[in-house]
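# Per-entry structural report
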Amino acid sequence: MSSLSAAAAAEADATPLDETYRVMANAIRALSMDAVERAKSGHPGMPLGMADVATVLFARHLAFDPKHPTWPDRDRFVLSAGHGSMLLYSLLYLTGYEAITIDQLRLFRQMGSLTAGHPEADASHGIETTTGPLGQGFANAVGMALAERSMNARFGDGLVDHFTYVIASDGDLMEGISHEAASLAGHMKLNRLIVLFDDNGISIDGPTSLTVSDDTPARFRALGWDVTVVDGHDMSAVDQALTQARASDKPSLICCRTVIGFGAPTKAGSESSHGAPLGADEIEGVRQAIDWPHAPFEVPDPILRQWRAVGAAGQTERQAWEARLAAAEPERREAFQAAFDGRLPEDLDWHIAHYKREAIAEQPKLATRQASGEVLAMLLPKIPALIGGSADLTGSNSAKPKGAAQAVSPEDYSGQFVHYGVREHAMGAMMNGLALHGGCIPYGGTFLIFSDYCRPAIRLSAMMKQRVVYVMTHDSIGLGEDGPTHQPIEQISSLRCVPGLTVMRPADAVETAECWEIALKQVDGPSLLALTRQSVPMQRLQHTDENLSARGAYVLADSPNPKVTIIATGSEVAIAIGARELLEADGIAVRVVSMPCARLFDEQPKAYRDSVIDGSTLLVAVEAGIRQGWGNYIGREGIFIGMSYFGASAPYPELYKHFGITSNAIAEAVKLRFN
């Protein structure tokens, strides 16, 4: 338990916490409102209201060390109500994080500063994750708490034994994602998760009574949580609730009744203090109300020393943990460090090459989702940090190979597979939490059409540069009879628009293995594998150890002096090869390019790109999706064979014929250009 010095802690136990810590909380209030006022932008209400709660948490319970901010067994603190970021920045400055200086507080919300309006993640500066979109941080924290239990099951209490704390707002608990995540957290009995709910009864539009009449404590109790309701300005009550929560065998929700804009003469308790600077008169009123006569951004030395003592107190716990790590058995210590470093097996390339060699020798006709399952069956035993899951589509996604991954359960967290249930929103955000925590490489499966449910989390994966693997199957009209509600048409193109997201659509088992290798090695961003429901023939006929998919696109089949270049992805590569055979029979030389990943191809040198896609030939793109994005490769005059509207319900061969995505249709479209 992080705390003040032993003497100060003894004094705190002998006197009411309100007397001991109130002035420290007021430092948070002053810095927060001053920074928002200087920026002429921001959200002062929450920091003013939650300063007392945050002070008790940081001074009495949170295990952290500003001098070593990323030590693995620290407690995690997630500000899910990320709009109140000045609360966090004030705490980071006060407790001694070197990068967050008083000048950085003055630069709040300014270009190039470390103090963004809604920070995402930078653990080296004390920001685990805060997230702007409400509810995401809540679900991230559930993922972090799951990661802690998973790592604890692997390495024991001596190396992994910490809590995840969250400050969440009314908005967080209104968003549907928090309902999904809270339900799973309760089911999984993630008792190292403690959520401090800023229950101030105010939203942007006004009182929350405009839109909410939930009994929040009853709802969370029904979800399997331990719930306490306290006055958020009674520090002793908050401290007691946190102590109780730490001893619970369930996740805990502490409903902290607070006053938004605490101390503001006319704006306290009102939506007017939520998302705009208070103004000079209100700030002066707050200063009088909290007895803070100091100038803007000024914290008296005695108060700053108290806060710096809080930050320094964590060194003892961190050093004790380091001693336990040093004393651990060499094999266990190495495995722990490898997990938190995100290292992959040194022989990963060999195993991927071995799988490719066998696939080429056997020439199986597999759905790429099945090939993905085979690759996972090989990878899971070799990468203990790989934590998979599925949103109630485990078999359909081939996400849990038989015998390769034990499921995580409330009784046993040592497994490598999470049954997320029908909770795609929470699954995506929880995977971000697993990755942010460290020690875990998460992947999760659902149908590609439901990537829309995961979209906010996918975007944040990319923004925070987290290694998260989204396994999205049933990637086109090729899923057949389930019809247009389930058939992705625009999803692939729209996902390719997300900066930093590596979208891969492999054509066969070999490319699927290569795409998994790419995803695992990409440590600074997420990947998405779009995989078929239907079986596809092998396209790669000759083995090479080189990962050709890592170039984004490559020449799969060629002819001397080609007149046509057909570029295709996924299941349509086989259709392109069939068109090539028809056209070659008519004397038209054709090159076929497989493009599993447009982003990786775009990153190649121009000479390579020009060598693959010859602009002097007739350019054709084939994909069972919309044309958007393909103009980059085929121009305005190129031929696009794909979809222009939603699909239909029928067996998939009939659908491909109906929508004109066939070898014959490609050949006829090309021949029209040569007549």
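Residues numbered from 1 in each chain as written. Predicted model: local features only at pLDDT ≥ 70, side-chain atom pairs only at ≥ 80, totals over all residues. Heavy atoms only, no water.

What follows covers the overall build of the protein. On a plain count of helices and strands, the protein comes out with 26 helices and 18 strands. The globule rule puts the C-alpha radius of gyration for 675 residues at 26 Å, and the 28 Å found for the protein is close to it. For the C-alpha atoms alone, the extent of the protein along its principal axes is close to 90 × 55 × 45 Å. For the protein, the residues scored as buried account for 62% of the 675 residues in total. (Helix = DSSP H or I, 4+ residues; strand = E, 2+ residues; numbered from the N terminus. Rg over C-alpha atoms; globule rule 2.2 N^0.38 Å. Buried < 20%, exposed > 50% of the residue type's maximum accessible area, 1.4 Å probe, protein only.)

With the rule as written, the count across this model stands at 20 aromatic pairs. Summarising the aromatic geometry, the rings of Phe155 and Phe336 are spaced 5.2 Å apart at their centres and angled 85 degrees between planes, so their arrangement reads as edge-to-face. One end of the pair, Phe155, is in helix H6 (residues 136–155); the other, Phe336, is in helix H13 (residues 330–341), with 181 residues separating them in the sequence. This pair shows no difference in class: Phe155 is buried, exactly as Phe336 is. Ring geometry for Phe601 against Tyr608: centres 6.4 Å apart, planes inclined by 65 degrees, an arrangement best described as edge-to-face. The two residues Phe601 and Tyr608 agree in class, both being buried. Each residue in the set Trp71, Phe155, Trp321, Phe336 and Phe340 is aromatic and connected to the rest through ring pairs, giving one cluster. Just above the ring of Tyr93 sits the side chain of Arg308; from NZ or CZ to the centre is 5.2 Å. Note that Arg551 overlies the ring of Tyr608, its terminal NZ or CZ placed 3.8 Å from the centroid. (Phe/Tyr/Trp six-rings, centres within 6.5 Å; stacked < 30°, edge-to-face > 60°. Lys NZ or Arg CZ within 6 Å of the ring centre and 35° of its normal.)

With that settled, consider the confidence of the model for the protein. Of the residues in the protein, 98% have a pLDDT of 70 or more, and the chain-wide mean is 96. The low-confidence segment residues 1–15 (pLDDT under 50) makes 33 contacts with residues lying over four places distant or belonging to another chain. (pLDDT = per-residue confidence, 0-100. Contact = heavy atoms within 4.5 Å.)

Within the largest apolar cluster, 68 residues are counted, with the highest numbers of intra-cluster contacts made by Phe138, Leu146, Leu193, Trp225 and Leu528. Among the elements that make up this core, the one with the highest residue count is H6 (10 residues). Not counting residues up to four positions away in its chain, the partners in contact with Trp225 are Phe138, Ala182, Ala185, Gly186, Leu193, Val195, Phe220, Lys250, Pro251, Ser252 and Leu253. Core analysis: the next-biggest nonpolar cluster, separate from the first, contains 66 residues, Phe108, Ile127, Val286 and Val310 among them. (Core = buried A, V, L, I, M, F, W, Y, C linked by side-chain atoms within 4.5 Å.)

With that out of the way, let us pick up the sheet that holds strand E6 (residues 226–231). One open sheet holds the five strands; their spatial order is E1-E2-E3-E7-E6, and the pairing between them is parallel. The two strands at the open ends of the sheet, each matched to only one other strand, are strand E1 (76–79) and E6. Adjacent strand axes in the sheet meet at a mean angle of 15 degrees, parallel and antiparallel pairs treated alike. Pairing of strand E2 (residues 164–168) with strand E3 (residues 193–199) involves five bridges; the strand directions are parallel. (Pairing = 2+ DSSP bridges. Axes fitted to C-alpha atoms, helices over the stretch in contact; angles between N-to-C directions.)

Our focus in this paragraph is the sheet that holds strand E8 (residues 386–390). Pairing is parallel in the open sheet, where six strands are placed in the order E9-E8-E10-E11-E13-E12. At either margin of the open sheet sits one strand with a lone partner, and together these are strand E9 (417–419) and strand E12 (502–504). The average undirected angle you get between the axes of adjacent strands in this sheet is 20 degrees. Strand direction decides the pairing type here: E8 and strand E10 (residues 441–447), joined by three bridges, are parallel. From the neighbouring strand, Leu386 faces E10, where its bridge partner is Ile441. The sheet strands contacting helix H20 (residues 509–521) are E8, E10, strand E11 (469–473), E12 and strand E13 (527–531), and the helix crosses E13 at an angle near 165 degrees.

Contact geometry for helix H2 (residues 17–39) and helix H4 (residues 85–95): axes closest at 9 Å, N-to-C directions at 120 degrees. On the basis of their axis angle, the class for H2 and H4 is oblique. Between H2 and H4 lies a crossing of right-handed hand. Touching Ala27, Ile28, Leu31, Ser32, Ala35 and Val36 of H2 are Met86, Leu87, Ser90, Leu91, Tyr93 and Leu94, all from H4. Among the residues forming the contact of H2 with H4, the class breakdown is 10 nonpolar, two polar and no charged. (Parallel < 35°, antiparallel > 145°, perpendicular 65-115°, else oblique. Left-handed = near helix turned anticlockwise from the far one by under 90°. Nonpolar A, V, L, I, M, F, W, Y, C, P; charged D, E, K, R; others polar.)

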